[in-house]
Every structure is written in structure tokens, then in C-alpha cells.
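# Breakdown of the fold
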Amino acid sequence: MSCQSIPRPTSYNILDTCFKGTVKKLSAPHIKIVFQGGADLSLDARNILVDVDGGRTCLAFAGGSRIAVVGNYQQQTYSVAYDVLNSRIGFAAGGRA
């Protein structure tokens, strides 16, 4: 089932792309975020969708300025390494959800 065929309820707070259903019942495309310098973060449904209330699920991304924030939903199931001294970041699958 594509996202286009799923009924769309109203937005929820700052999450403006929502669907009727739950994370477990909806399918979502695989998303890969590629960072400058080569690091990448591959996300599946549990990292991009959030159940917000009874029967409404939203993309766990919010629109904003030119700054992107990789939030707690995207980081779940990953170990994240921050190299502040060298301005680098790394991701490893298998972190705790």
C-alpha cells in the first residue's frame, strides 16, 4: 500500500504529515539520510513514523528552517558516536530501541 492511498487526517502539533493507522500496520519507504563527509543513516518505518494518538500516525519529521535536526526517533536502534573535536558523527546499527 502506498502512502498516497492512505487517508490523511489533520496534522498533529508540529508534525504536518499524518496518516490513519499505526506504525505496525502502515508500510513506509526506506529513507537514507546522507551527511556531508559520507556518513549515512538508513531509516525504516519505526525510525520515521510515530503513533501520536488513537489511529493517527505521523512522519517523525518537522518542517523548519535550513537546519536539519536528527531527532530521537531517527536515532532509535542506532549507536551514535560524536567526535566533537573533529566535527564528525558516526552511526552503527544495533543500538537499543
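Sequence order as written defines residue numbering, which begins from 1 separately in each chain. Under the rules for a predicted model, residues below a pLDDT of 70 receive no local features and side-chain atom pairs below 80 are neither given nor counted, while totals for whole chains, interfaces and linings still include all residues. Hydrogens and water are ignored here; the side-chain numbers use all heavy atoms of the structure.

## Some words on the pairing of strand E3 (residues 40-43)
- Burial along E3 is one-sided: the residues Leu 41 and Leu 43 are buried and none of Asp 40 and Ser 42 is.
- Here, a strand pair is defined by DSSP locating no fewer than two bridges between the strands. Numbering of helices and strands runs from the N terminus, with a helix taken as a DSSP run of H or I at least four residues long and a strand as a DSSP run of E at least two residues long. When strand E2 (residues 31-34) meets E3, the two strands line up antiparallel, connected through four bridges. Bridged to Lys 32 within E3 is Ser 42.
- Counting the residues between successive antiparallel strands, the hairpin from E2 to E3 contains five residues, one of them, Gly 37, with a positive phi of roughly 105°. For the exposure calls, accessible area comes from a 1.4 Å probe over protein chains only, and a residue counts as buried if that area is under 20% of its type's maximum, exposed if over 50%, partly exposed in between.

## A closer look at the state of the cysteines
- Disulfide: a pair of cysteine sulfur atoms within 2.5 Å of each other. Enumeration over the complete set of coordinates arrives at one disulfide.
- Paired through a disulfide, Cys 18 and Cys 58 show a sulfur-sulfur distance of 2.0 Å. Across the S-S bond of Cys 18 and Cys 58 the torsion is about 95°, and the bridge reads as right-handed. Of the two residues, Cys 18 is situated in strand E1 (residues 18-20) and Cys 58 in strand E5 (residues 56-59); the sequence distance between them amounts to 40 residues. Neither residue differs from the other here; Cys 18 and Cys 58 are each classed as buried.

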